[in-house]
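A look at the structure
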Amino acid sequence: MADLFEDKPLIGMIHMPPLPGAPRCDSAMEELVAFARSEAALLERAGLDGVIVENAGDAPFFRARVPPLTVAAMAVVVAEVVRHTSVRVGVNVLRNACEEALAIAAVAGADFIRCNVVIGAYVTDQGVIQGCAAELARLRASLDKDVLVFGDVHVKHAHPLFDVPVEDAARDLVERGGVDAVVVSGARSPDPPSPERIDAVAGAIDAPVLVGSGVGLDTAADLLGRAGGLILGETDFKVDRVWGGASDERAYRSAVTACRGRP
């Protein structure tokens, strides 16, 4: 899996509509699977290196554990995406169901997960979320498949209770939390991290650094110049600029061209 970072990966988002059990769910599983497969094909055609399947439509989110129905639905969706695409596939189960995400990835054949709070404790709109590094590491050690863990440092939409400088938090995340890559974000999803923030994290750790918020068409190339990869899923890459909606293939193609110099 180390080859994922050889060419600074561009990773797109499959923001799932509300899944079964979520308050606003009005789609059958067949429709949800069809949506995910369509999004994966679109992102692959656009030239992206990977996708993250995320239960973005399930808001309001649980702090950590999610219901069995959510796990089952995500497992079905992720397995279908893996089966029908050749790009790398990741899983993020909001807000911080990282053990569930890891189990889904292992069973469905995905390559990595994103975990918002691996270490420390953060005040969020879901309440106080605490790190899960110990549980995650032990589950990971028990699996036959190696699934990478991308961990957020000073994650967006949150404030750390153990408010150390971001570079120190990044060191702890890699050295004590055991993550394979660190995700740097701004304060909220639309906000990119500052250049100084990216540089501080990149200079502090010997691990890939991904920008995980605020990447737009005008900023993608510059941000990729400072980081080891990008996660693209903001409104610039959505049809009618609706966050969480269907992806805009033309916008993704434009970002790939800007970052790689080729369509």
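The preceding data block contains the structure.
Residues numbered from 1 in each chain as written. Predicted model: local features only at pLDDT ≥ 70, side-chain atom pairs only at ≥ 80, totals over all residues. Heavy atoms only, no water.

Let's talk about the overall build of the protein chain
This is how the line gets drawn: Numbering of helices and strands starts at the N terminus; helices are DSSP runs of H or I of at least 4 residues and strands are runs of E of at least 2. Note on method: radius of gyration uses C-alpha positions; expected globular size equals 2.2 Å times residues raised to 0.38. Three labels apply to residues, based on accessible area from a 1.4 Å probe with only protein chains included: buried if under 20% of the type maximum, exposed if over 50%, partly exposed otherwise in between. Contacts: residue pairs with any heavy atoms within 4.5 Å of one another. His is not counted, nor are the chain ends, whereas Lys and Arg count as positive and Asp and Glu as negative. By convention, the charge on Lys lies at NZ, on Arg at CZ, on Asp at CG and on Glu at CD.
The helix and strand tally for the protein chain stands at 8 helices and 11 strands. The C-alpha atoms of the protein chain give a radius of gyration of 17 Å, which matches the 18 Å a tight globule of 263 residues would have. Along the three orthogonal principal directions, the C-alpha set of the protein chain runs to about 45 × 45 × 35 Å. Expressed as a percentage of its 263 residues, the buried residues of the protein chain come to 52%. Excluding contacts between residues fewer than 6 apart, the proportion of contacts in the protein chain whose partners are at least 24 apart in sequence is 69%. Each charge class in the protein chain can be summarised by its mean position, and for the 25 positive and 37 negative side chains these summaries are 1 Å apart.

A few points about unusual backbone geometry
A cis amide bond links Ala 59 with the next residue in sequence, Pro 60, at an omega value of -5°. Mapping Pro 60 onto the fold places it in the loop between strand 2 (50–54) and helix 2 (68–83). Of note, the bond from Leu 94 into Arg 95 is cis; its omega dihedral lies within 30 degrees of zero at 5°. Looking at the secondary structure, you find Arg 95 in the loop between strand 3 (88–92) and helix 3 (98–108). The phi dihedral of Asp 240 falls on the positive side, at around 60°, and the residue is not glycine. Its place among the elements puts Asp 240 in the loop between strand 11 (229–232) and helix 8 (249–260). Phi at Arg 241 takes a positive value of approximately 55°, unusual for a residue other than glycine. Within the secondary structure, Arg 241 is located in the loop between strand 11 and helix 8. Overall, Arg 241 belongs to the exposed group, its relative accessible area being 52%.

A few points about helix 6 (residues 195–204)
Stated precisely, the cut-off is as follows: By construction, the arc corresponds to the directions joining the helix axis to the C-beta atoms.
Among the residues of helix 6, Ile 198, Val 201 and Ala 204 are the ones counted as buried. Seen along its axis, helix 6 keeps its buried residues to an arc of 140°; they face one direction. What points out from helix 6, more than 90 degrees from its buried face, is the exposed set Glu 196 and Gly 203.

Notes on the packing of aromatic side chains
As a reminder, the rule being used: Within 6.5 Å between ring centres, the rings of Phe, Tyr and Trp (the latter by its six-membered ring) count as paired, and their orientation is classed by plane angle as stacked under 30 degrees, edge-to-face over 60, tilted in between.
For the structure on display, the rule yields 3 aromatic pairs. Measuring from ring centre to ring centre gives 5.7 Å for Phe 5 and Phe 150, while their planes differ by 55°; the resulting arrangement is tilted. Pair noted here: Phe 5 is in the segment before strand 1 (10–15) and Phe 150 is in strand 7 (residues 148–153), with a separation of 145 residues, a long-range link. You can call Phe 5 buried: its relative accessible area is 18%. On the accessibility criterion, Phe 150 (0% relative accessible area) is buried. Relative to Tyr 252, the ring of Phe 237 lies with its centre 4.9 Å away and its plane at 25°, an arrangement referred to as stacked. Of the two residues, Phe 237 sits in the loop between strand 11 and helix 8 while Tyr 252 sits in helix 8, which places them 15 residues apart along the sequence. The buried category is assigned to Tyr 252, whose relative accessible area is 0%. Ring pairs connect the aromatic residues Phe 5, Phe 112 and Phe 150, which therefore count as one cluster.

Regarding the nonpolar core
The test is simple: The definition of a nonpolar core used throughout is a set of buried Ala, Val, Leu, Ile, Met, Phe, Trp, Tyr and Cys residues joined through side-chain atoms within 4.5 Å.
In terms of nonpolar packing, the biggest core is built from 69 residues, with Ile 14, Val 53, Val 91, Ile 113, Val 153, Val 201 and Leu 230 touching the most fellow members. Setting aside its immediate chain neighbours within four residues, Ile 14 contacts Phe 35, Ala 36, Glu 39, Ala 40, Leu 43, Val 51, Ile 52, Val 53, Glu 54 and Val 81. If you look at the next biggest cluster of nonpolar residues, it comprises 12 residues, including Ile 52, Phe 150, Val 183 and Leu 210.

Focus on the environment of Gly 214
One can find Gly 214 in the loop between strand 10 (209–211) and helix 7 (220–226). A C-alpha to C-alpha distance of 6.4 Å links Gly 214 and Glu 234, two positions 20 residues apart in sequence. Those residues in contact with Gly 214, other than ones at most four positions away along the chain, are Ser 189, Pro 190, Asp 191, Pro 192, Thr 219, Leu 223 and Glu 234.

A word on the sheet that holds strand 1
We count it as follows: Note on pairing: DSSP must find at least two bridges between two strands before they are called paired. Under this scheme, a helix contributes an axis fitted over its contacting stretch, all axes are lines through C-alpha atoms, and angles between N-to-C directions fall in the 0 to 180 degree range.
Overall, parallel pairing links the 8 strands, which are arranged 1-2-3-4-7-9-10-11 in a closed barrel. Between one strand and the next, the sheet's axes are offset by a mean angle of 25°, whatever the strand orientation. As paired elements, strand 9 (residues 181–184) and strand 10 share 3 bridges and run parallel to each other. Residue pairing for strand 10: Val 182 is matched across the bridge by Val 209.

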